Amino acid sequence: QVQVVESGGGLVQAGGSLRLSCAASGRTFSTYAMGWFRQAPGKEREFVATISWSGGSTYYADSVKGRFTISRDNAKNTVYLQMNSLKPEDTAVYYCALSYCSGYGCYKTYPREYDYWGQGTQVTVSS
C-alpha cells in the first residue's frame, strides 16, 4: 500500500507565502506523477498543479500560474508546492495525489487519473 501525507498548511495574509509538502511512503514500485488539487467549501475539487517523475514536466491551472511552483525530490519521495502572492480565493483544503504513470515525462491533470490521495491540509488566506 501507498500512503500520501500532506503538511505545511496554515493561515496567511493576502500577499504572503506558504510551502506545502507531500510525502509518499510504502511500495511505490513504479514511476509516478504527483499532483496538487484543492477544494473550497461548496465547490468541486479542482486541479492546481502536477509534476512528472523526472520533474522536467510541470503543468499549472491558469489561476495559479506564475504564483505557485511545484517541485519534487525523488530521493525523499516528496513533492512540494511553493505558493506565493496568495489571494483569499486560494483558501481551500489542498490535497496531494499520486498517479502511476509510464514514462519520465508523464503527468496527469484529472482527479480520476490519480491512484492515491492524502487527507488534505487547510490553507486559509485572509484579506
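Here the residue numbering is sequential within each chain, running from 1 through the sequence in written order. This being a predicted model, a pLDDT of at least 70 is required before a residue's local features are given, and a value of 80 or more before pairs of side-chain atoms are given or counted; all residues contribute to the totals for chains, interfaces and linings. Note: side-chain values were computed over all heavy atoms of the structure, leaving out hydrogens and water.

A few words now on the sheet that holds strand S8 (residues 78–83). Whether two strands pair depends on DSSP finding at least two bridges between them. Strands are runs of DSSP state E lasting at least 2 residues, helices are runs of H or I lasting at least 4, and numbering of each runs from the N terminus. Pairing within the open sheet is antiparallel, and its 4 strands lie in the order S1-S3-S8-S7. In this open sheet, the two edge strands, each paired with only one partner strand, are strand S1 (2–7) and strand S7 (68–73). For this sheet the average axis-to-axis angle between neighbouring strands, irrespective of direction, equals 15°. Across 6 bridges, the pairing between strand S3 (residues 18–26) and S8 is antiparallel. Considered in S8, the bridge of Ala23 is made with Thr78. Fitted lines through C-alpha atoms serve as axes, helices being fitted only where they are in contact, and the angles separating the N-to-C directions of these axes extend from 0 to 180 degrees.

Here, a disulfide means two cysteine sulfur atoms that sit within 2.5 Å of each other. All told, the structure shown has 2 disulfides when counted by the stated rule. Each sulfur in the disulfide pair Cys22 and Cys96 lies 2.0 Å from the other. For the disulfide bridge between Cys22 and Cys96, the dihedral angle about the S-S bond is near -85°, and by the sign convention the bridge is left-handed. Here Cys96 lies in strand S9 (residues 92–100) and Cys22 lies in strand S3, a separation of 74 residues in the sequence. For the pair shown, Cys22 and Cys96 are each scored as buried. The partner cysteine of Cys101 in its disulfide is Cys106, sulfur to sulfur 1.6 Å. With the S-S dihedral at roughly -60°, the linkage between Cys101 and Cys106 falls on the left-handed side. Here the term buried applies to any residue with accessible area under 20% of the maximum for its type, exposed to any over 50%, and partly exposed to those in between, with areas from a 1.4 Å probe on protein chains only. A residue is classified by how much of its surface remains accessible, and Cys101, at 4% relative accessible area, is buried.

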